[in-house]
Amino acid sequence: MKYLHIVAFLLLAIGGLNWLGVGLMGTNYLEMVVSMDIAKIVYILVGLSAIYELATHKQSCNMCGK
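What comes next is a walk through the structure. Note that the coordinates shown come from a computational prediction; the quantities given were computed from them, not determined experimentally.

Here is what the cut-offs are and how they apply
Residues numbered from 1 in each chain as written. Predicted model: local features only at pLDDT ≥ 70, side-chain atom pairs only at ≥ 80, totals over all residues. Heavy atoms only, no water. Helix = DSSP H or I, 4+ residues; strand = E, 2+ residues; numbered from the N terminus. Rg over C-alpha atoms; globule rule 2.2 N^0.38 Å. Buried < 20%, exposed > 50% of the residue type's maximum accessible area, 1.4 Å probe, protein only. Expected span 1.5 Å × (residues − 1). Bend = angle between axes of the 7 residues up to and from the residue. Contact = heavy atoms within 4.5 Å. Core = buried A, V, L, I, M, F, W, Y, C linked by side-chain atoms within 4.5 Å. Polar contact = N/O pair within 3.5 Å; in protein donor to acceptor, adjacent residues only side chain to side chain. Axes fitted to C-alpha atoms, helices over the stretch in contact; angles between N-to-C directions. Parallel < 35°, antiparallel > 145°, perpendicular 65-115°, else oblique. Left-handed = near helix turned anticlockwise from the far one by under 90°. Nonpolar A, V, L, I, M, F, W, Y, C, P; charged D, E, K, R; others polar.

1. Notes on the overall build of the protein chain
Counting its regular elements, the protein chain contains 3 helices and 0 strands. Reading the secondary structure of the protein chain in the N-to-C direction produces α-α-α. The C-alpha radius of gyration computed for the protein chain amounts to 14 Å, which surpasses the reference 11 Å derived for 66 residues by more than 25%, pointing to a less compact arrangement than a globule. C-alpha extents for the protein chain along the principal axes are approximately 40 × 25 × 15 Å. The buried share among the 66 residues of the protein chain stands at 23%.

Now the structure itself:
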């Protein structure tokens, strides 16, 4: 489960930084780096990562407690 948490966190960080670029500069960095088909898969994985982190956050967060 630790590795799933790490992968989900990294995907959320990538998605968050990409949205920061879209919001501030109107530039979608992910679509600049990879094809549109791969970008769509990454977007789906980022969304699933967000759902996973929301569902398991309290269990894995030291600040929230167990």
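Structure's up, so let's keep going.
2. Some words on helix α3 (residues 36-60)
With 25 residues, α3 should cover 36 Å at 1.5 Å per step; its first-to-last C-alpha distance of 33 Å lies within 8% of that length. Its axis deflected by about 40° at L54, α3 carries its strongest bend there. In this fold, the buried residues of α3 make contact with α1 (2-25) and α2 (29-33).

3. Examining the nonpolar core
Here is a general trend for soluble globular proteins: nonpolar side chains tend to be buried in one another's company. Counting residues in hydrophobic clusters, the biggest one holds 5 residues: L11, L30, A39, V42 and V46. For V46, the contacting residues outside a window of four places in its chain are L11, L12 and G15.

4. Regarding the side chain of N18
Of note, N18 is situated in helix α1. Overall, N18 belongs to the buried group, its relative accessible area being 7%. Among the polar contacts listed, one links the side chain of N18 to the backbone nitrogen of Y29, at a separation of 3.0 Å. In contact with N18, other than residues within four places in its own chain, are T27, N28, Y29, L30 and Y43.

5. Let's talk about the packing of α1 against α3
In the contact formed by α1 and α3, the axes pass within 8 Å of each other and the chain directions differ by 125°. The angle between α1 and α3 falls in the class oblique. Regarding α1 and α3, the two cross each other, and that crossing is left-handed. Every residue of α3 that contacts α1 at L4, H5, A8, F9, L11, L12, G15 and N18 is listed here: Y43, L45, V46, S49, A50, Y52, E53 and S60. Its residues placed into classes, the contact of α1 with α3 shows 10 nonpolar, 5 polar and 1 charged.

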